[in-house]
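Chain by chain, the residues run as shown.
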Amino acid sequence: FDSHEGGVTEDAEALIHYLQQHAAELHLDAGNMVLWACSANVKAGLPLAMDPRQTAIKAAVIYYGWSSDVKEIRADLPVLMVRAGLDGAGLNHGIDQFVSRASAVNSPLTFIAIPAAHHGFDVVDDTETSRTVIARTLEFMKTQLQASTQREVRAGAVDAAAAAAAYREDWNAALKAYEALVSIRPGDSEVHRNYGNALLKLDRPRAALAEYERALQLGNTNTGWISYSAATASMKLGDTEGALRWIEKLKNIPPMRRGLNSDPVFGPVKDSPRFRAVADLP
């Protein structure tokens, strides 16, 4: 589309408005768009895509560019970002920062790094790698415009937000999110396990222990981490007997056993023969 220096964002918004006003005559679904931007135009395109008011934009494709003007990353917007490895270091550092931020909020980001690609690889690099990335880009666009894909993104939003809060160690936010998930899916053993983790991090060991027990009752097979965490919760409650019972469940799980001896929370039981038998201490 035509744009002018200093007014790219306004011109892009005008284009979206035009498409929406003329959708019927242009035979377009103007409420179902993918935004594509590359190089310097990413400075306008990426913030536009991340604007929650732009509900018609269902996904974005970003080639070799980034923008410092993105205030918040939409957790509901699938983004395909492509990094050209031979590009300028400053630009690629900016891309890496965006990828890190997107990971922190668990947004639906697809990241492709092409080590030997130039800036503008889709035009200047006549290679199989370049053609493959272009083909993947077109497939990404088609997939993200499908109603079934959009439903999946919406359906997973609460789970993604909860996991993102845990990743950031924002345990109050994680607790609130997992409380909501437990009410929605009370039979989900993994939700109960993660809810227990948030409770334990917020120093609520009794409630955490109940969630770990519930997770196992519901058939969660991650017995190693559950038992280790439950033993920690028991220690925080001063229940050394309960802690040892959980620790004994780790006997046949070497990765869990190896962490016992260096974990200070188990200091009060380290001299117990039952603890030493599991922790492989002489």
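Refer to the structure printed above.
First things first, this report covers the structure right here in the doc. (Residues numbered from 1 in each chain as written. Predicted model: local features only at pLDDT ≥ 70, side-chain atom pairs only at ≥ 80, totals over all residues. Heavy atoms only, no water.)

### Let's talk about the pattern of salt bridges
Here is step 1 of the chain: Summed over the entire model, instances satisfying the criterion amount to 11 salt bridges.
Here is step 2 of the chain: Salt-bridge contacts for Asp76 lead to Arg74; the nearest nitrogen and oxygen are separated by 3.0 Å.
Here is step 3 of the chain: We classify Asp76 as partly exposed; its relative accessible area is 44%.
Here is step 4 of the chain: Across the salt bridge formed by Glu241 and Arg245, the nearest N and O atoms sit 3.7 Å from each other. Of this pair, Glu241 and Arg245 both sit in helix α13 (residues 240-248), four residues apart, roughly one helical turn.
Here is step 5 of the chain: Since its relative accessible area comes to 36%, Glu241 is described here as partly exposed.
Here is step 6 of the chain: Using a relative accessible area of 46% as the deciding quantity, one classes Arg245 as partly exposed.
Here is step 7 of the chain: One network of salt bridges, in which partners are shared, links Glu241, Arg245, Glu248 and Arg274. (Salt bridge = Lys/Arg side-chain N within 4 Å of Asp/Glu carboxyl O. Buried < 20%, exposed > 50% of the residue type's maximum accessible area, 1.4 Å probe, protein only. Helix = DSSP H or I, 4+ residues; strand = E, 2+ residues; numbered from the N terminus.)

### Re helix α1 (residues 8-21)
Here is step 1 of the chain: Taking 1.5 Å as the rise per residue, α1 with 14 residues should run 20 Å; its terminal C-alpha atoms sit 20 Å apart, in good agreement.
Here is step 2 of the chain: Taken residue by residue, α1 has Asp11, Ala12, Ile16 and Leu19 as its buried positions. Buried positions in α1, seen along its axis, are confined to an arc of 140 degrees and lie on one side of it.
Here is step 3 of the chain: Buried residues along α1 sit in contact with α2 (23-26), β1 (33-38), α3 (42-50) and β2 (57-63). (Expected span 1.5 Å × (residues − 1). Arc of directions from axis to C-beta. Contact = heavy atoms within 4.5 Å.)

### Considering the sheet that holds strand β3 (residues 79-84)
Here is step 1 of the chain: Strand order in the open sheet formed by four strands is β1-β2-β3-β4, and the pairing between neighbours is parallel. Both outer strands of the open sheet, β1 and β4 (109-114), are each paired with one neighbouring strand and no more. Across the sheet, the axes of successive neighbouring strands diverge by a mean angle of 10 degrees, strand direction being ignored.
Here is step 2 of the chain: Across four bridges, the pairing between β2 and β3 is parallel. When the sheet's bridge partners are listed, Ala60 is paired in β3 with Val79.
Here is step 3 of the chain: Docked against the sheet, helix α6 (residues 128-144) engages β1, β2, β3 and β4, running at close to 170 degrees with respect to β2. (Pairing = 2+ DSSP bridges. Axes fitted to C-alpha atoms, helices over the stretch in contact; angles between N-to-C directions.)

### A word on the pairing of β3
Here is step 1 of the chain: Of all six residues that make up β3, five are buried, and the element is covered over most of its length.
Here is step 2 of the chain: Judged from the six bridges that link them, β3 and β4 form a sheet pairing that is parallel. Bridge pairing in β4 places Val82 opposite Ile112.
Here is step 3 of the chain: Handedness of the crossover is the feature at issue here: the chain leaves β3, passes through helix α4 (residues 89-104), returns alongside β4, and the resulting connection is right-handed. (Right-handed = clockwise from strand over helix to strand, strands pointing away.)

### Considering the pairing of β1
Here is step 1 of the chain: Where β1 lies against β2, six bridges are found, and the strand directions are parallel. Residue pairing for β2: Leu35 is matched across the bridge by Ala60.
Here is step 2 of the chain: Assessed by its sense of winding, the connection that carries the chain from β1 through α3 to β2 is right-handed.

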